Amino acid sequence: DDANAVDDDACSNECQVPCGLQWSTLALGPTLDSEIEGLFVARDSADQIVVAGRLREITVEMDGTVIEGEDTVLVQSYDPAGGMVWERILANPAGDATPAGVAMDAAGDVYVAATLDAAPAGTALEVHKLAAADGGSVWVHAFDGPVAEGEERATGIAVGPDGRPVVA
């Protein structure tokens, strides 16, 4: 903050961000103490925006007891004007789910890669295809390698020219 000494230095003296910022949004967790963290963004040719991140619901009871849920993958879709179209929470019944990336195909369908805690130990991969219109599940593909207690980790996702996802 330069106390408005210099105008147009990445923030105008009217506290407006220049450079064509079209919209912004604030996503809140289910409780005041929840942790929410946006990590990945994808945009399709129609300017539909999808954000994927980590959500951990945290509840503080009246007696001060803190209850922390597992990490889940939060996916939100926005229209070109910044209005929310849909929201999905992808959870893993065996433990944490960590987002690894988000991508969109030409039709606007959404692909989300995640790393999951796997039972009894180790991690596995999961890829979700979500419908552009409402975030409904089109399909889910899980991969847990042949080595017991192995560590399979997704680190990114892209959609190839043929419309098929590629997971790193």
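Relevant structure appears above.
So, a few notes on the structure that sits alongside this text. (Residues numbered from 1 in each chain as written. Predicted model: local features only at pLDDT ≥ 70, side-chain atom pairs only at ≥ 80, totals over all residues. Heavy atoms only, no water.)

Turning our attention to the overall build of the protein. Per the secondary structure count, the protein includes zero helices and 10 strands. For the protein, the succession of helices and strands along the chain, N to C, is β-β-β-β-β-β-β-β-β-β. Classification of the 168 residues of the protein by burial places 38% in the buried group. Considering only intrachain contacts with a sequence separation of at least 6, the fraction spanning at least 24 residues in the protein is 42%. Carbon and sulfur atoms make up 54% of the accessible area of the protein, which totals about 9,800 Å². (Helix = DSSP H or I, 4+ residues; strand = E, 2+ residues; numbered from the N terminus. Buried < 20%, exposed > 50% of the residue type's maximum accessible area, 1.4 Å probe, protein only. Contact = heavy atoms within 4.5 Å. Areas by Shrake-Rupley, 256 points an atom, 1.4 Å probe, with all protein chains shown as cover.)

Remark on secondary structure: sheet strands pair via backbone hydrogen bonds, oriented parallel or antiparallel. Read across the open sheet, the four strands follow the order S5-S6-S7-S8; overall the sheet is antiparallel. Every other strand in the sheet has two partners, leaving strand S5 (97-104) and strand S8 (137-143) as the edge strands with one partner each. With strand direction ignored, the average angle separating the axes of adjacent strands in the sheet is 20 degrees. (Pairing = 2+ DSSP bridges. Axes fitted to C-alpha atoms, helices over the stretch in contact; angles between N-to-C directions.)

With that settled, consider the nonpolar core. Counting 15 residues, the largest nonpolar core has Val 50, Val 73, Val 75, Val 102, Val 110, Val 112 and Leu 130 as the members making the most contacts within it. Within the residue set of this core, elements represented by two or more residues are strand S2 (49-60), strand S3 (66-78), strand S4 (84-90), S5 and strand S6 (110-117). The dominant element in this core, judged by the number of residues it contributes, is S6, at four residues. With near-sequence residues (within four places) excluded, Val 73 lies in contact with Gly 53, Arg 88, Ile 89, Leu 90, Ala 97, Thr 98, Pro 99, Val 112 and Ala 114. (Core = buried A, V, L, I, M, F, W, Y, C linked by side-chain atoms within 4.5 Å.)

Let's shift gears to the sheet that holds S3. If you trace the four strands from one edge of the open sheet to the other, you get S1-S2-S3-S4, paired in antiparallel fashion. Lying at the two open borders of the sheet, with one neighbouring strand each, are strand S1 (35-43) and S4. Taking each pair of neighbouring strands and ignoring which way they run, the sheet shows an average axis angle of 20 degrees. When S3 meets S4, the two strands line up antiparallel, connected through six bridges.

Phi at Asp 47 is positive, roughly 65 degrees, even though this residue is not glycine. Structurally, the position occupied by Asp 47 is in the loop between S1 and S2.

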